[in-house]
Amino acid sequence: ELDHVAADPQSLSALFSLADKSSSTLRVIGIANTHTLTANASSDAPNVMTLHFAPYTPTQLQAILRARLASLYDDPLTGDNIKKMLPNPAIVLLTKRIANITGDVRSLFEVLRGSIDLAVAAKNGASTDVLDAAIPTVSPPHVLAALKAHAPATSSKPSNATSAPATTSSNSEAVNKIRNLSFQSRVVLLSLLIASKRLAAG
């Protein structure tokens, strides 16, 4: 993942240039969460190519989730238990919310894991019998709570913005508002910004 290889796009220039100089024998393939990671490095290595993947839809996320859990659903011993633990309303809510936020499968499974943990904790808290092996049920409130807990992990950077240089402190409110937008809203905003810059540049 190129996001974790370098702190800024400029640091990737040497890597891309290496592949460009040995283009007959070497290819570098990487993935990144941001569409602009290679923008600054592309001038040093003009042969950098990017392929953008659209975020998953709720239907696609449901299909991925059910495919990943297919072995549990199909097993006679666990099939009924997994259906009880993950009822359809909870899955539908989870996939719709994740599709609206990022459309990212990793986020889907992180929030699902958090929802199950909350359901298990609630079940254990309600039972006084340590040997009670009743199956916990993930409900919409568990999903919403897990989503809320997951959100700060994706937006924890604004809290560190106070230690940033003074040049960026003046627009921190705008930055925070943009970071709190959904993925699709940020893409629209970015498109408008790029269009205005292109118009200004002629």
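Our subject is the structure listed above.
In this numbering scheme, every chain counts its residues from 1 along its sequence in written order. Under the rules for a predicted model, residues below a pLDDT of 70 receive no local features and side-chain atom pairs below 80 are neither given nor counted, while totals for whole chains, interfaces and linings still include all residues. Note that the side-chain values use all heavy atoms of the structure and ignore hydrogens as well as water.

Caption draft 1: Summary view of the overall build of the protein. Helix and strand labels come from DSSP, where a helix needs a run of H or I of at least four residues and a strand needs a run of E of at least two; each type is numbered from the N terminus. Across its full length, the protein carries twelve helices and zero strands. Its helices and strands in sequence order give the protein the pattern α-α-α-α-α-α-α-α-α-α-α-α, from N to C terminus. The classification of residues rests on relative accessible area computed with a 1.4 Å probe and restricted to protein chains. Under 20% of the type maximum is buried, over 50% is exposed, and intermediate values are partly exposed. In the protein, buried positions account for 23% of the 202 residues. Within the protein, contacts between residues at least 6 apart in sequence are counted, and of these 67% link residues at least 24 apart. Each accessible area value is a Shrake-Rupley result obtained with a 1.4 Å probe; residue values ignore everything except the protein chains displayed when judging cover. Carbon and sulfur atoms make up 60% of the accessible area of the protein, which amounts to about 13700 Å² in all. Contacts were defined at the residue level, with two residues in contact if any of their heavy atoms lie within 4.5 Å.

Caption draft 2: A look at the environment of Ser23. Here Ser23 shows up in the loop between helix H2 (13-21) and helix H3 (58-68). The spatial distance from the C-alpha of Ser23 to the C-alpha of Asn47 is 9.0 Å, given a sequence separation of 24 residues.

Caption draft 3: Just the pattern of salt bridges, in detail. By definition, a salt bridge exists where a carboxyl oxygen of Asp or Glu is found within 4 Å of a side-chain nitrogen of Lys or Arg. Taken as a whole, this structure holds one salt bridge when the rule is applied. Ionic pairing is found between Arg106 and Asp104, a salt bridge with its closest N-O pair at 3.5 Å.

Caption draft 4: Representation of H2. Of all the positions in H2, only Ser13, Phe16, Ser17 and Ala19 are classed as buried. For H2, the arc enclosing every buried residue in end-on projection is 160°, short of the 170-degree limit, so these residues lie on one face. The outward face of H2, more than 90 degrees from its buried face, is lined by the exposed residues Ala14 and Lys21. As for H2, its buried residues are in contact with helix H1 (2-5). The reported arc concerns the directions from the helix axis to the C-beta atoms and nothing else.

Caption draft 5: Spatial organisation of helix H6 (residues 88-101). With 14 residues, H6 extends 20 Å between its outermost C-alpha atoms, agreeing within 8% with the 20 Å of an ideal straight helix rising 1.5 Å per residue. Within the span of H6, buried status applies to Ala90, Ile91, Leu94, Thr95, Ile98 and Ala99. The buried residues of H6 occupy one face: seen down the axis, they fall within an arc of 155°. Expected helix span is taken as 1.5 Å per residue step, with the number of steps being one fewer than the number of residues.

Caption draft 6: Up close: the packing of H3 against H6. At a closest axis distance of 8 Å, the pairing of H3 and H6 adopts a crossing angle of 125°. Taken together, the axes of H3 and H6 are oblique relative to one another. The handedness of the crossing between H3 and H6 is right-handed. Listed contacts from H6 to Pro58, Leu61, Gln62, Leu65 and Arg66 of H3 are Asn88, Ile91, Val92, Thr95, Lys96, Ile98 and Ala99. Each axis is a line fitted through C-alpha atoms, and for a helix only the stretch in contact is used; angles between axes span 0 to 180 degrees, taken between their N-to-C directions. An angle below 35 degrees is treated as roughly parallel, one above 145 as roughly antiparallel, one from 65 to 115 as roughly perpendicular, and anything else as oblique. Handedness of a helix crossing follows the sense of rotation of the near helix relative to the far helix, less than a right angle counterclockwise being left-handed and clockwise being right-handed.

Caption draft 7: Seen up close, the side chain of His142. With respect to the helices and strands, His142 occurs in helix H8 (residues 140-154). On the accessibility criterion, His142 (15% relative accessible area) is buried. Of the polar contacts made by the side chain of His142, one reaches the backbone oxygen of Thr137; its length is 3.4 Å. Contacts of His142, omitting those with residues within four sequence positions, involve Ser115, Leu118, Ala119, Ala122 and Thr137. Polar contact is the term for a pair of N or O atoms within 3.5 Å; when the atoms are in protein, one must be able to donate a hydrogen and the other to accept it, and sequence-neighboring residues count only if both atoms are side-chain atoms.

Caption draft 8: Region of interest: the nonpolar core. Ranked by internal contacts, the top residues of the largest apolar core, which has 22 residues, are Leu65, Leu86, Leu94, Ile98, Leu108 and Val138. At the level of secondary structure, the elements contributing two or more residues to this core comprise H3, helix H5 (79-85), H6, helix H7 (105-126) and H8. When residues in this core are grouped by element, the largest group, six residues, is from H7. When neighbours within four sequence positions are excluded, Ile98 is seen to be in contact with Leu61, Gly103, Asp104, Ser107, Leu108, Val111 and Leu147. For this analysis, a nonpolar core means a set of buried residues of the types Ala, Val, Leu, Ile, Met, Phe, Trp, Tyr and Cys, connected via side-chain atoms within 4.5 Å.

Caption draft 9: Examining the environment of Asn88 more closely. Within the element layout of this structure, Asn88 appears in helix H6. Sequence separation between Asn88 and Gln62 is 26 residues; the distance between their C-alpha atoms is 9.8 Å.

Caption draft 10: Quick peek at a nonpolar patch on the surface. On the surface, Leu18, Leu26 and Val28 cluster together into a nonpolar patch covering about 220 Å² of accessible area. Its place among the elements puts Val28 in the loop between H2 and H3. Only residues whose relative accessible area exceeds 30% and that form no salt bridge are eligible for patches; like-charged ones are grouped when within 9 Å, while nonpolar side chains (Val, Leu, Ile, Met, Phe, Trp, Tyr) are grouped when within 5 Å.

Take it as geometry only, folks, not as evidence of what the structure does.
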